[in-house]
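Topology and contacts: notes
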Amino acid sequence: MRNAPFYHGEKMEEVLKKHGFVFKKRYGQNFLTDPNLLRAIVSDAGVTKETTVLEIGTGAGALTRALSERAARVVSYEIDKSLKPVLAETLSGCDNTEVVFRDFAGEDLAALERELGAYTVVANLPYYVTTPLILRFAEESKTCTGLTVMVQEEVALRLGAKEGTADYGAITAAVARRGICEITRKVSGTMFTPRPNVDSAVVRIDFSRGGFPVESEKAFRETVRCAFLSRRKTLENNLMGAFHLSRGRAGELLEKAGIASGIRGETLSPRALGALSDLLFREGIV
Ligand code: SAM
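The structure displayed is predicted, hence computed values, not measured ones. (Residues numbered from 1 in each chain as written. Predicted model: local features only at pLDDT ≥ 70, side-chain atom pairs only at ≥ 80, totals over all residues. Heavy atoms only, no water.)

Some points on the packing of helix 9 (residues 217–227) against helix 12 (residues 270–282)
At a minimum axis distance of 8 Å, the contact between helix 9 and helix 12 shows a crossing angle of 115°. Every pair of crossing elements has a handedness; the one defined by helix 9 and helix 12 is right-handed. Facing Ala-219, Phe-220, Thr-223, Val-224 and Ala-227 of helix 9, the residues of helix 12 in contact are Pro-270, Leu-273, Gly-274, Leu-276, Ser-277, Leu-280 and Phe-281. A breakdown of the residues in the contact of helix 9 with helix 12 according to their chemical character gives 9 nonpolar, 3 polar and no charged. (Axes fitted to C-alpha atoms, helices over the stretch in contact; angles between N-to-C directions. Helix = DSSP H or I, 4+ residues; strand = E, 2+ residues; numbered from the N terminus. Left-handed = near helix turned anticlockwise from the far one by under 90°. Contact = heavy atoms within 4.5 Å. Nonpolar A, V, L, I, M, F, W, Y, C, P; charged D, E, K, R; others polar.)

Now the structure itself:
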């Protein structure tokens with residue numbers, strides 16, 4: 001039954017067992033099996049026959065297979081080489097799909113983008129990898145059109161948080177600079193094998209809508225890091241600490257930016273942080 005459709009939980013468990021696969025906690029291996037959920041994630045990602053998908057975390061290939069059925073091309077990264085025989089079976093017949101058995105964190109994104117052209121990211125990754133990954137695409141990607149990622153519910157809230165709230169942070173601003181972020185669905189822990197301790201949500205970050213330009217991406221990154229350097233300190237104090245400025249100079253810059261003294265960085269909207277970063281860039285601070 002090499003070409004049998006691969007989306008039933010039972011079948012997946014059989015295949016994993018047959019190849020002596022052992023789930024590894026260190027790689028956050030909680031696999032999805034529900035065919036309706038898999039199809040819904042592919043729809044959330046807006047995948048069509050023209051789409052190139054970069055998937056990160058192939059696992060047993062259930063989502064990869066669902067993506068492959070709808071996309072032009074799927075390139076999927078998997079760190080765990082022991083999944084090779086499993087994937088040879090579960091992705092059999094997926095001719096538009098290539099699995100790369102490497103740690104995605106070590107990949108040269110610019111070189112990969114030259115090879116992929118325009119692409120969208122789909123990922124159901126361990127939670128400790130997801131936040132740095134989203135940040136990396138928000139800050140460095142050039143041809144990525146967006147990301148559809150499974151995240152812990154609390155991370156989903158952080159991604160779409162409003163300024164001034166406890167959930168608002170550097171990642172919120174970095175993502176907002178590139179596009180619009182929305183929660184497309186909540187996913188109970190019961191949908192995974194094995195079941196994790198937390199509930200999750202699928203988040204769609206669309207780089208083709210919203211977002212705003214800045215004069216220097218590096219200046220924006222450093223301004224955002226400065227604004228959240230110490231959340232309890234004022235922006236003026238953080239500016240002094242991050243850029244080795246006197247209080248007088250920091251105050252002067254805030255006045256030029258039209259920002260009241262005494263405020264905290266976390267109260268500035270992503271766009272206001274963008275305007276501040278443009279000023280710091282023009283003044284030669286970053
Ligand atoms: N996409 C599959 C699914 O939805 O069932 C698997 C999801 S599982 C949560 C995450 C997968 O990512 C695991 O198979 C794990 O081995 C892989 N992984 C973890 N860290 C990785 C990394 N840095 N690069 C590539 N794959 C990674």
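Considerations on the pattern of salt bridges
One pass over the full model with this rule turns up 20 salt bridges. Here Glu-215 makes a salt bridge to Arg-282, at a shortest N to O gap of 2.7 Å. Of this pair, Glu-215 sits in the loop between strand 9 (200–206) and helix 9 while Arg-282 sits in helix 12, and the two are 67 residues apart along the sequence. Relative accessible area serves as the criterion here: at 44%, Glu-215 is assigned to the partly exposed category. A salt bridge links Glu-283 to Arg-249; the nearest nitrogen and oxygen atoms lie 3.0 Å apart. One end of the pair, Glu-283, is in the segment after helix 12; the other, Arg-249, is in helix 11 (residues 247–256), and 34 residues separate them in sequence. (Salt bridge = Lys/Arg side-chain N within 4 Å of Asp/Glu carboxyl O. Buried < 20%, exposed > 50% of the residue type's maximum accessible area, 1.4 Å probe, protein only.)

Notes on helix 6 (residues 127–140)
For helix 6, with 14 residues, the first-to-last C-alpha span of 20 Å sits near the 20 Å given by 1.5 Å per residue. Of all the residues in helix 6, the buried ones are Thr-130, Leu-133, Ile-134, Arg-136, Phe-137, Ala-138 and Glu-139. (Expected span 1.5 Å × (residues − 1).)

As for helix 12
The end-to-end C-alpha distance of helix 12, which contains 13 residues, comes to 18 Å, matching closely the 18 Å that a straight helix rising 1.5 Å per residue would cover. The complete set of buried residues in helix 12 reads Pro-270, Leu-273, Gly-274, Leu-276, Ser-277, Asp-278, Leu-279 and Leu-280. Where the residues of helix 12 are buried, they touch helix 8 (170–178), helix 9, helix 10 (235–243) and helix 11.

Brief notes about unusual backbone geometry
Residue Thr-193 is joined to Pro-194 through a cis peptide bond whose omega torsion reads -15°. With respect to the element layout, Pro-194 can be found in the loop between strand 8 (192–193) and strand 9. Backbone geometry at His-244 places phi at a positive 55°, although glycine is not the residue there.

Some thoughts on the sheet that holds strand 4 (residues 97–100)
Overall, mixed pairing links the 7 strands, which are arranged 4-3-2-5-6-9-7 in an open sheet. The open sheet has two edge strands with one neighbour each: strand 4 and strand 7 (180–187). Strand-to-strand, the axes of this sheet are offset by a mean angle of 15°, without reference to chain direction. Relative to strand 4, strand 3 (residues 73–77) runs parallel, the two sharing 4 bridges. Bridged to Val-74 within strand 4 is Thr-97. Where helix 5 (residues 109–116) meets the sheet, its contacts fall on strand 2 (52–56), strand 3, strand 5 (119–124) and strand 6 (144–152), and the angle it forms with strand 3 comes to roughly 160°. (Pairing = 2+ DSSP bridges.)

A look at the site of the ligand
Close to the ligand lie 21 residues; Leu-32, Gly-57, Glu-78, Asp-103 and Asn-124 are nearest. A distance of 2.8 Å separates an oxygen atom of the ligand from a polar backbone atom of Leu-32. Between Asn-124 and the ligand, the recorded distance is 2.8 Å, taken from a side-chain N or O atom to an oxygen atom. Out of a free accessible area of 600 Å², the ligand has 97% covered by protein chains. (Near = heavy atom within 4 Å. Polar contact = N/O pair within 3.5 Å; in protein donor to acceptor, adjacent residues only side chain to side chain. Areas by Shrake-Rupley, 256 points an atom, 1.4 Å probe, with all protein chains shown as cover.)

Let's talk about the nonpolar core
In this structure, Leu-54, Ile-56, Phe-104, Tyr-119, Val-121, Ile-134 and Phe-137 are the most contacted members of the largest nonpolar core, which totals 31 residues. Apart from the residues within four sequence positions on either side, Leu-54 is in contact with Val-75, Tyr-77, Phe-104, Leu-112, Leu-116, Tyr-119, Thr-120, Val-121, Val-122 and Phe-137. (Core = buried A, V, L, I, M, F, W, Y, C linked by side-chain atoms within 4.5 Å.)

Observations regarding the domain arrangement of the protein chain
Domain annotation of the protein chain identifies domain 1 (10–206) and domain 2 (217–282). In this structure, domain 1 and domain 2 have C-alpha centres spaced 34 Å apart. If you look at the interface, domain 1 gives 14 residues, while domain 2 gives 13 residues. Roughly 1100 Å² is buried in total at the junction of domain 1 and domain 2, and carbon and sulfur atoms are behind 57% of that figure. On the domain 1 side of the interface with domain 2, the three residues burying the most area are Glu-139, Tyr-168 and Arg-177, jointly 47% of the side's total. (Domains from an automatic or database assignment. Buried area = accessible area lost by both parts, 1.4 Å probe.)

Focus on the packing of aromatic side chains
Tallying each qualifying case throughout the model produces 8 aromatic pairs. When the ring of Phe-21 is compared with that of Phe-31, the centres are 5.9 Å apart and the planes differ by 25°; the resulting orientation is stacked. Remark: Phe-31 occurs in strand 1 (residues 31–32) and Phe-21 occurs in the loop between helix 1 (9–18) and strand 1; sequence separation between them is 10 residues. Ring centres 5.9 Å apart and planes at 15° place the aromatic pair Phe-104 and Phe-137 in the stacked group. Residue Phe-104 is found in the loop between strand 4 and helix 5, and its partner Phe-137 is found in helix 6; the two are separated by 33 residues along the sequence. Considered together, Phe-104 and Phe-137 belong to a single accessibility category, that of buried residues. Taking the ring centre of Phe-220 as reference, the NZ or CZ of Arg-177 above it sits at 5.9 Å. (Phe/Tyr/Trp six-rings, centres within 6.5 Å; stacked < 30°, edge-to-face > 60°. Lys NZ or Arg CZ within 6 Å of the ring centre and 35° of its normal.)

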